[in-house]
Amino acid sequence: MNDSLGILGVGHLAGYMVAALRRVRDNRRIVLSPRNQARAKELKSTYECHIAKDNQSVVDECNVLLLSVRPDHLEDIAAEIAPTPAHLLISCVAGVSIQRLQVLMPNTTIVRTLPLASAEVGEGVVPLFPENSIAQALLNPIGKLMVFDSESDYELAATAAVINGVLFGFMAELSEWFQSKGLAAEQARALVIHTLRGATGLADRMPDQSLRDINLSIAGPGTFTRKAQDIIIDGEGFESWLKACEYIQRRFSEKSV
C-alpha cells in the first residue's frame, strides 16, 4: 500500500502521469478510479494499472493519491472519499487553492502540481507547492521539477502551463504558413519544431545571460530578425500573449479565493 499510487479522475492528465511514470520505469502499483471506464481500461491494458471498484477503494488501497478531476467535479468526488492523516493528496485541480481543498478534505496533507502533456516524454516543467519529499520523489523523474515557496508563485507556473498548450497553436500556424509557401507537411512541421527547440536549447545552455540579452544579441539593429520582431511588436503580438497571461492568472486567482 505504501508504494501504491491512487488516481482519482482518469482523464487526459492522469494518462500523462501514468505514461510518464512507466517511461522512467516506475513500476509501482497504480490504482485507478472506475468512473471513466473506457479510459481506465485503456490505461490498465497499456500500463498494467489496476481499476478499483469505487473511489473510496482507491483511497483505501493507496497512501498517495493523485486528484485529477475538473474543478466542477471536485465537490462530488470529495463527498465520496474520506482520506486520513496518513494520506498524501497531490492535487492537479487547476485554480483550486490548498485552503479550499482542505475545507473539503480536512486532516490530510495536500500539495499541488500540474504536469504538462510533455511529461510523457520527460520534458517540461512540473510545478509543486509546497515542498514535500514524497511528492518530489514521485514527480522529479518526469520533467523539470520546480518547487515553489508560495501558492501565488505556483499559480504563475500554472499560467505558464496554460501557455504551453497555446504554443501548439502558434506552432500549427507557423507550420501551415510554411506549407502554404510550398513546403511538404513533414518538412514544415520539423522546421517549426526544431527552430523552437534550438532557441530553448541555446537559452538553457546560457544560464548566465538573460533571455532579453540573448534576444538583443541576435536581433541587432538592421537585421532581418530585428525587423521581424518590430513588426510583431507593432501589431501587439507580444502584448496579446501577455494579455492572455494576465487573463489566466486573474481567473486562477479568482477561483482560488
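Keep in mind that what you see is a predicted model, and the values were worked out from it rather than measured. (Residues numbered from 1 in each chain as written. Predicted model: local features only at pLDDT ≥ 70, side-chain atom pairs only at ≥ 80, totals over all residues. Heavy atoms only, no water.)

Novice: How should the overall build of the chain be read in this particular structure?
Specialist: When its secondary structure is counted, the chain shows 11 helices and 8 strands. If one aligns the C-alpha atoms of the chain with their principal axes, the spans along those axes are about 65 × 40 × 35 Å. For the chain, the proportion of its 257 residues judged to be buried stands at 38%. Within the chain, contacts between residues separated by at least 24 positions form 52% of all contacts whose residues are at least 6 apart in sequence. Only carbon and sulfur atoms are counted for the fraction: they give 54% of the accessible area of the chain, which is about 14800 Å². (Helix = DSSP H or I, 4+ residues; strand = E, 2+ residues; numbered from the N terminus. Buried < 20%, exposed > 50% of the residue type's maximum accessible area, 1.4 Å probe, protein only. Contact = heavy atoms within 4.5 Å. Areas by Shrake-Rupley, 256 points an atom, 1.4 Å probe, with all protein chains shown as cover.)

Novice: Quick question: what am I supposed to make of the pairing of strand E5 (residues 88–91) here?
Specialist: For a regular strand, the rule is simple: side chains alternate between the two faces of the sheet. Here E5 shows a buried face lined by Leu-88 and Ile-90 and a second buried face lined by Leu-89 and Ser-91. Here strand E4 (residues 64–67) pairs with E5 via 4 bridges, running parallel. Within E5, the residue paired with Val-64 across the bridge is Leu-88. As a crossover connection, the stretch from E4 through helix H4 (residues 74–80) into E5 is right-handed. Inspection of the sheet shows E5 paired to strand E6 (residues 109–113) by 4 bridges, in the parallel sense. (Pairing = 2+ DSSP bridges. Right-handed = clockwise from strand over helix to strand, strands pointing away.)

Novice: How should the packing of aromatic side chains be read in this particular structure?
Specialist: Aromatic ring pairs are described here by two measures, namely the spacing of the ring centres and the angle between the planes. Counting across every chain of the model gives 2 aromatic pairs. Relative to Trp-241, the ring of Phe-170 lies with its centre 6.0 Å away and its plane at 90°, an arrangement referred to as edge-to-face. You can see Phe-170 sitting in helix H7 (residues 151–180) and its partner Trp-241 sitting in helix H11 (residues 237–256), a full 71 residues away along the chain. Overall, Phe-170 belongs to the partly exposed group, its relative accessible area being 35%. Each ring, one from Trp-177 and one from Phe-178, has its centre 5.1 Å from the other, and the planes form 75°; the classification is edge-to-face. The exposure class assigned to Trp-177 is partly exposed, which follows from its relative accessible area of 47%. (Phe/Tyr/Trp six-rings, centres within 6.5 Å; stacked < 30°, edge-to-face > 60°.)

Novice: Would you take a moment to explain the sheet that holds E5 for this structure?
Specialist: Sheets are built from strands paired through backbone hydrogen bonds, the pairs being either parallel or antiparallel. Read from one edge of the open sheet, 8 strands run E3-E2-E1-E4-E5-E6-E7-E8, paired in mixed fashion. Only two strands of the sheet have a single neighbouring strand rather than two, namely strand E3 (50–51) and strand E8 (144–147). As judged from the 2 bridges shared by E6 and strand E7 (residues 125–129), these two strands associate in the antiparallel manner. Each residue of the ladder has a partner; that of Arg-112, found in E7, is Phe-129.

Novice: How do you make sense of a nonpolar patch on the surface when you look at a structure like this?
Specialist: A cluster of nonpolar residues, Ile-232, Ile-233 and Phe-238, forms a patch on the protein surface that exposes about 250 Å² of accessible area. Tracing the chain through its elements places Ile-232 in helix H10 (residues 224–234). (Patch = residues over 30% accessible without salt bridge, like charges linked within 9 Å, V, L, I, M, F, W, Y side chains within 5 Å. Salt bridge = Lys/Arg side-chain N within 4 Å of Asp/Glu carboxyl O.)

Novice: I tried to follow the pattern of salt bridges on my own but got confused; where do I start?
Specialist: Between side chains of opposite charge, pairing is possible as soon as their charged atoms come close. Evaluation of the coordinates by the stated rule reveals 9 salt bridges. For Arg-29, the salt bridge goes to Glu-61, with nearest N and O atoms at 2.9 Å. You can see Arg-29 sitting in the loop between helix H1 (12–23) and strand E2 (30–32) and its partner Glu-61 sitting in helix H3 (residues 55–61), a full 32 residues away along the chain. You can call Glu-61 partly exposed: its relative accessible area is 28%. Between Arg-35 and Glu-80 there is a salt bridge, with the nearest N and O atoms lying 2.8 Å from each other. Placement of the pair is Arg-35 in the loop between E2 and helix H2 (37–47) and Glu-80 in helix H4, with a sequence separation of 45 residues. Each of Arg-112, Glu-151 and Glu-155 takes part in salt bridges that share partners, so that together they form one network.

Novice: Any chance you could explain the side chain of Thr-113 here in plain terms?
Specialist: With respect to the helices, strands and loops of the structure, Thr-113 is situated in strand E6. You can call Thr-113 buried: its relative accessible area is 0%.

Novice: What is the right way to look at unusual backbone geometry in this model?
Specialist: Peptide bonds are, in most cases, trans, and in most cases residues other than glycine have a negative phi. The residue after Phe-129, namely Pro-130, is reached through a cis peptide bond having omega -20°. Within the secondary structure, Pro-130 is located in the loop between E7 and helix H6 (133–139). Phi at Asn-107 takes a positive value of approximately 65°, unusual for a residue other than glycine. Relative to the helices and strands, Asn-107 resides in the loop between helix H5 (98–104) and E6.

Novice: Just checking my understanding: could you explain the packing of H7 against helix H8 (residues 185–204) for this structure?
Specialist: How two helices sit against one another is set out by the angle between their axes and by the gap between those axes. H8 packs onto H7 with a crossing angle of 135° between their chain directions and a minimal axis gap of 8 Å. Here H7 is positioned oblique relative to H8, judged by the angle of their axes. For the crossing formed where H7 meets H8, the hand is right-handed. Here Met-171, Leu-174, Ser-175, Phe-178 and Gln-179 of H7 come into contact with H8, specifically with Ala-185, Ala-188, Arg-189, Leu-191, Val-192 and Leu-196. In terms of residue class, the contact of H7 with H8 is made up of 8 nonpolar, 2 polar and 1 charged. (Axes fitted to C-alpha atoms, helices over the stretch in contact; angles between N-to-C directions. Parallel < 35°, antiparallel > 145°, perpendicular 65-115°, else oblique. Left-handed = near helix turned anticlockwise from the far one by under 90°. Nonpolar A, V, L, I, M, F, W, Y, C, P; charged D, E, K, R; others polar.)

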